[in-house]
Structures are given as C-alpha cells and as structure tokens.
Amino acid sequence: RNFGAVALGGAEPDDGWEGGGAVYGRTADDSADFLAYLKRRDTSDYEAGNGEVQSNTASEQTSGLVKGNWRVAPLHQLSIGWLGLKDEGVRYPRPHMIGFPGSDVPMPQKLDQSTWNAAWRYDGDGRLPGFELEAFYDDVKNERTNGGAVPVFGKPPGYTFGERLETAGANLL
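Now for a description of the structure that goes with this document. All of these numbers come straight from a predicted model, not from anything done at the bench.

A closer look at the sheet that holds strand E2 (residues 16–26)
In space, the eight strands of this open sheet follow the order E1-E2-E3-E4-E5-E6-E7-E8, with antiparallel pairing throughout. The strands lining the two open edges of the sheet, one partner per strand, are strand E1 (3–12) and strand E8 (160–172). Neighbouring strand axes in the sheet, compared pairwise and without regard to direction, differ in orientation by 5° on average. Judged from the twelve bridges that link them, strand E3 (residues 32–43) and strand E4 (residues 59–73) form a sheet pairing that is antiparallel. Its bridge partner lying in E4, Leu38 is registered against Gly64.

Points about the environment of Lys67
Along the chain, Lys67 turns up in strand E4. In the structure, Lys67 is positioned 51 residues away from Gly16 in sequence and 29 Å away in space, judged by C-alpha atoms. Those residues in contact with Lys67 that sit more than four places away from it in its chain are Asp33, Phe34, Leu35, Ile80 and Gly81.

Brief notes about the packing of aromatic side chains
In this structure the tally under the stated criterion is five aromatic pairs. On the numbers, 6.3 Å between centres and 50° between planes, the contact of Trp82 with Trp116 is tilted. Linking Trp82 in strand E5 (residues 76–91) with Trp116 in strand E6 (residues 107–122), this pair joins segments that are 34 residues apart in sequence. A residue is classified by how much of its surface remains accessible, and Trp82, at 26% relative accessible area, is partly exposed.

Quick notes on the side chain of Asp138
The residue Asp138 is located in strand E7 (residues 131–145) in this model. A distance of 3.4 Å separates a polar atom in the side chain of Asp138 from a polar atom in the side chain of Gln113. Of note is the side chain of Asp138, whose polar atom sits 2.3 Å from the side chain of Thr115. Beyond its immediate stretch of four places on either side in the chain, Asp138 contacts Gln113, Ser114, Thr115, Leu165, Glu166 and Thr167.

Quick look at unusual backbone geometry
Trans peptide bonds make up most of the peptide bonds, and negative phi angles are found at most residues other than glycine. You will see that Leu75, though not glycine, has its phi angle at about 75°, which is positive. Of note, Phe153 is a non-glycine position whose phi angle comes to about 55°, a positive value. The class of Phe153 is partly exposed, set by a relative accessible area of 33%.

Observations concerning the environment of Arg71
Along the chain, the position of Arg71 falls in strand E4. C-alpha of Arg71 to C-alpha of Gly89: the two residues are 18 residues apart in sequence and 42 Å apart in space. Apart from residues no more than four positions distant in its own chain, Arg71 is found in contact with Asp30, Ser31, Ala32, Asp33, His76 and Gln77. Looking at Arg71, its side chain comes within polar contact range of the side chain of Asp33, at 2.7 Å.

How each quantity is defined
Counting starts from 1 at the beginning of each chain's written sequence and moves along it residue by residue. Two thresholds apply to this predicted model, a pLDDT of at least 70 for residue-level local features and 80 or more for giving and counting side-chain atom pairs, whereas whole-chain, interface and lining totals are computed over all residues. Hydrogens and waters are ignored; side-chain quantities use all the structure's heavy atoms. Pairing between strands is defined by DSSP: at least two bridges between the two strands are required. Helical segments are the DSSP runs of H or I of at least four residues, strand segments are the runs of E of at least two, and each set is numbered from the N terminus. Here an angle of 0 to 180 degrees is reported between the N-to-C directions of two axes, which are lines fitted to C-alpha atoms, with helices fitted over the stretch in contact. Working rule for contacts: check all heavy atoms of both residues, and any pair within 4.5 Å makes them a contact. Two rings belonging to Phe, Tyr or Trp (six-membered ring only in the last case) form a pair when the distance between their centres is within 6.5 Å. Interplanar angles under 30 degrees mark stacking, angles over 60 mark edge-to-face geometry, and anything in between is tilted. Under the scheme applied here, a residue whose accessible area is under 20% of the maximum for its type counts as buried, over 50% as exposed, and between as partly exposed, the area being computed with a 1.4 Å probe on protein chains only. Contacts described as polar in this section are N or O atom pairs within 3.5 Å, which, within protein, must combine one atom able to donate a hydrogen with one able to accept it, while residues neighboring in sequence count only if both atoms come from side chains.

As structure tokens, this is what we get:
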C-alpha cells in the first residue's frame, strides 16, 4: 500500500490508559517514503501480585517518531529521523539502594529525550563500493525535585537535581 494509518488504544487494570496512532506512506514511484508515530500512556501506581499497591510508580509518558527517506538519484538515498520520549512521575531516587540515606524520599521526576539522525547512502555501482554516512544527535534531560521534608543527598527540600547528556557523532559504514 502506498498510504496507511493505524490507531491504538487500551486500558490497564490499575486505572491506566494509552492511545496513539501512526501514519505511513510512499510515492507511487518508490522515490520517497515516511512514517510518523505518536503515543500517550498514563498509568496509576501499580498493584503487585500480592495485592499491595506500589507507591510512586505512576507515570505520564508521551513518545513519538518521524522518519523519512528520499531516493535522490539512482543508487543515492537520503534519510532523516527523529525519536522523542517524555516521562513524568514521582519516583524514588535510588529504589535499589535500600537503607541508603535519601533513597526512599519520593521525588517528582521529568525525563525528556530527543534523538535526531540523518544519513546518506550510496549503494555502489561496481566501480565504487557502497557506503553510508550517518550523523546523529541525542539530548537527554532528567530533573528530580526533592519532594520530602528532609534534605536528600545534602540538598534541601524543594531542590531540583538535574542531569543532561548530549551526544553527537557520525558513522561511516
């Protein structure tokens, strides 16, 4: 098919829901194609198998993807893409470190990730070998705010911790 779409939705037993959809298409001569996707998911604190509610496990998540390809000329193709994710909820900063000071203080958290990539591919013609040159950029930001009444990791209540990781590079294959 040259064009299509899909919608999705659902409910989860712990008062959660999700919804989203995707569209895709290509030109009749196959010289270009695309895909776009978006999804939203909200969940409440989940209930363990023994019936106990696990506090601070609820989240609000949004994710998306856009990708396109263009066959510029015979043996040459350009591609570009983006992938994004946002996740918000109240979490424990170090849930795996039982007994570590501050590991059990609930903290509102926001995670934001965005990844971009672009590529040029040459398929080779017998005289020259094929190759692909890809460039990428990834940006991840995470913020947590001390929501407790006591200092955590030496920082006062209300203090916002944050990390940011940016990565860029290129690959020649």
